[in-house]
Amino acid sequence: MSGTVALVVGAGEGRRFGGELPKQYSLLAGLPVMRRSLLAFLSHPEVTAVKAVIHPNHWDLYQDAARGLNLPDPVIGGAQRQVSVFRGLESLVADKPDKVLIHDAARPLLSGAVISRVLAALEDAPGAIPALAVADTLKRGDGKTISGTFERQGLWRAQTPQGFRFADILNAHRQMEGEELTDDAAVAERAGLVVAMVEGAEENFKVTQPGDLGRAELFFGAGDVRTGMGFDVHRFADGNQVMLCGINIAHDHGLEGHSDADVGLHALTDAILGAIGAGDIGSHFPPTDPQWKGVASDVFLRHAGELVKDGGGRISNLDVTLICEAPKIGPHRDAMRKRIAQILEIAEARIGVKATTTERLGFTGRGEGIAAQAVATVIF
Ligand code: MG
């Protein structure tokens, strides 16, 4: 293999973190930290392969974090970071990549721009790291009393990914085996390699303390986006009106159902419940329970909306398609959007109502009933 391999190193126990999960498998905006780090490289056009180095006890956690990603088996790391990286590098010997990027799995906010800067610098140097100038004055002390002040000029904070020409860093690690150096640039420096510096990024910090995860969440301006879908069908029966998306429409049939049979609001309710993993309309309002007989379906929709709010989320948008030959939906579309907006107290612009026939095919085509499907996007 030529090309560039990224080694994502998360072989520590991750227990200092104090949480239920090791820090590299904690969820950050809904995804494990490890997965976010892997994805940063998988989505970079110059990276040809991505391989993780993990703790022996984290096999299942890793499988879960990497589910569905096209990755080779991870390498099992050692007790020190340097050992873990060395094992990762040795596992690539047969592949012979041109370049390797060594990254802390606990830096999940890595951007493609930082990766590109490191790779560009490797054109002129055997090693390159992202770094940030130290802005705070540095003190020496025991946490209670200062015993000295450092000159901060010329001091930098080293980040990852640290990039190297593969053969060079492999040799450096082989020479430095048994040391306990805390980053790969130090291994390279000790072996006499020139290591270039490129601009790092503040958000590319290492998740170390429990509070760091909350800090990292702040970078997800869009929040944790979840989608749900809903589908419902009601059969036509005798009658002279149907309730659709909260609007009463005169028709030559009614709709059969335990409640008001509002197929549109039922599909929307299920979509919202689906987005928050809260079961379905039947589990909240069992059709066997007489108290829901004939009830207006806005009760169901409002309840689903409240569950979203209770969980700290908000509905970003809803979209429902009514499937029937008749009645005609177009003339009622605006009233339906308005009604749904009222029930959920969200803007009409966030609600789509559409209709289609099925070209006279199937049960909807034969006019036996109405179907509806809906999607909901919820943001936490
Ligand atoms: Mg229903």
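For clarity, every value in this text was computed on a predicted model and none was experimentally measured.

Enquirer: Got a sec to walk through the sheet that holds strand β17 (residues 314–323)? Specific residues and values, please.
Expert: The pairing of strands in a sheet happens through backbone hydrogen bonds and is either parallel or antiparallel. Spatially, β16-β13-β19-β17-β18 is the arrangement adopted by the five strands of the open sheet, whose pairing is mixed. Edge positions in the open sheet fall to β16 (254–255) and β18 (351–356), since each of these has one partner strand only. In the packing of helix α8 (residues 263–275) onto the sheet, contacts are made with β13 (225–237), β17 and β19 (369–379), and the angle to β13 comes to roughly 155°.

Enquirer: Give a detailed account of the layout of surface pockets, specifying residues and quantitative values.
Expert: Within this model, the second largest pocket holds a volume of roughly 210 Å³. In this structure, the second largest pocket is lined by 15 residues; those nearest its centre are S259, H266, I281, F285 and P287. At three residues, the largest contribution of residues to the lining of the second largest pocket is made by β13. In terms of residue class, the lining of the second largest pocket is built from seven nonpolar, six polar and two charged.

Enquirer: So what about the domain arrangement of the protein chain? Which residues, and what values?
Expert: In terms of domain boundaries, the protein chain breaks down into domain 1 (4–220) and domain 2 (225–379). Summarising the inter-unit geometry, the C-alpha centres of domain 1 and domain 2 are found 49 Å apart.

Enquirer: If you had to explain the nonpolar core to someone new, which residues and values would you point to?
Expert: Counting residues in hydrophobic clusters, the biggest one holds 39 residues, and the most contacted among them are L244, I272, L318, M336 and I340. Only β14 (241–244), β15 (247–250), α8, α10 (298–310), β17, α11 (333–344), β18 and β19 provide two or more residues apiece to this core. Examining the composition of this core, we find that eight residues originate from one element, α8, more than from any other. Leave out the neighbours within four places in its chain, and M336 touches L244, C245, I247, I249, L322, I329 and V353. Counting 28 residues, the second largest nonpolar core, distinct from the first, contains A6, A66, L69 and A105.

Enquirer: Break down the pairing of strand β8 (residues 138–141) for me, with residues and values.
Expert: With four bridges joining them, β8 and strand β9 (residues 146–150) adopt antiparallel strand pairing. If you follow K139 over to β9, its bridge partner there is T149. Count of turn residues in the β8/β9 antiparallel hairpin: four residues, of which G143 carries a positive phi of about 95°.

Enquirer: Could you give an account of the pattern of salt bridges, with specific residues and numbers?
Expert: Under the criterion given, the structure shown has 15 salt bridges. A salt bridge links R81 to D184, with the nearest nitrogen and oxygen atoms 2.9 Å apart. Of this pair, R81 sits in helix α3 (residues 81–90) while D184 is found in helix α6 (residues 184–190), placing the two residues 103 residues apart along the sequence. The salt bridge involving R174 is made with E90; its shortest N-O contact spans 3.0 Å. Pair noted here: R174 is in helix α5 (residues 166–175) and E90 is in helix α3, with a separation of 84 residues, a long-range link.

The rules behind the values
Residues numbered from 1 in each chain as written. Predicted model: local features only at pLDDT ≥ 70, side-chain atom pairs only at ≥ 80, totals over all residues. Heavy atoms only, no water. Pairing = 2+ DSSP bridges. Helix = DSSP H or I, 4+ residues; strand = E, 2+ residues; numbered from the N terminus. Contact = heavy atoms within 4.5 Å. Axes fitted to C-alpha atoms, helices over the stretch in contact; angles between N-to-C directions. 1 Å grid on protein atoms, 1.4 Å probe; cavity = no way out; pocket = protein on both sides within 12 Å on 5 of 7 lines; lining within 4 Å. Points joined across faces, edges and corners; volume = space filled by probe spheres on them. Nonpolar A, V, L, I, M, F, W, Y, C, P; charged D, E, K, R; others polar. Domains from an automatic or database assignment. Core = buried A, V, L, I, M, F, W, Y, C linked by side-chain atoms within 4.5 Å. Buried < 20%, exposed > 50% of the residue type's maximum accessible area, 1.4 Å probe, protein only. Salt bridge = Lys/Arg side-chain N within 4 Å of Asp/Glu carboxyl O.

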